[in-house]
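Structure at a glance
Read off the chains here:
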Amino acid sequence: MSQQQTRSQARGSTDHALAHWLAAEDEGEDAGRLDPDNRLTCHVHGRWIHQCVSSPLHVNPVTRHRWCRDCETEMTVAVDELARTVTMRCPRCNQGGSAATARLLAACRASLSHVSSKKARPRLVA
């Protein structure tokens with residue numbers, strides 16, 4: 001089997017897993033069993049939340065998702081998939097945390113952890 005076919009199969013299984021999670025979270029949210037802030041997926045972008053959280057659509061000054069109230073500015077996002085870290089900071093004061101941003105960070109970290117745990121780990125050959 002070629003590398004191209006292997007990558008295609010891996011991408012297909014990832015897309016299938018994402019589609020499953022999106023559908024399950026949509027259903028759970030619609031039924032009132034899942035709080036929208038606890039989703040690992042984004043129903044707007046059709047992606048894992050850590051993959052699209054930097055979109056301007058995820059900024060909300062009213063609820064303070066990715067919003068610094070003191071500086072009245074959008075917070076920046078850094079997602080490092082290798083180090084498995086997600087950070088959000090106000091570009092002006094370097095702070096800007098809120099309960100909504102904390103929940104969004106937790107969802108992004110859970111999403112990143114879930115996706116990372118499903119990826120094949122490279123095998124070291126002695």
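The following paragraphs examine the structure supplied in this document. The shown structure was predicted, so the numbers you read here are calculated from the model rather than taken from an experiment.

**Concerning unusual backbone geometry**
Not every positive phi belongs to a glycine, and Arg-66 is a case in point at roughly 55°. Along the chain, Arg-66 falls in the loop between helix H2 (49-52) and strand E3 (67-68). A relative accessible area of 2% places Arg-66 in the buried class. For Arg-84, which is not a glycine, the phi torsion comes out positive at approximately 60°. Within the secondary structure layout, Arg-84 lies in the loop between strand E5 (76-80) and strand E6 (85-89).

**Some points on the pairing of E5**
Both E5 and E6 contribute to a ladder of 5 bridges, which runs antiparallel. Considered in E6, the bridge of Asp-80 is made with Thr-85. Between the antiparallel neighbours E5 and E6 lie 4 residues, among them Arg-84 with a positive phi of about 60°.

About the thresholds
- Residues numbered from 1 in each chain as written.
- Predicted model: local features only at pLDDT ≥ 70, side-chain atom pairs only at ≥ 80, totals over all residues.
- Heavy atoms only, no water.
- Helix = DSSP H or I, 4+ residues; strand = E, 2+ residues; numbered from the N terminus.
- Buried < 20%, exposed > 50% of the residue type's maximum accessible area, 1.4 Å probe, protein only.
- Pairing = 2+ DSSP bridges.

None of this, on its own, says anything about what the molecule does.
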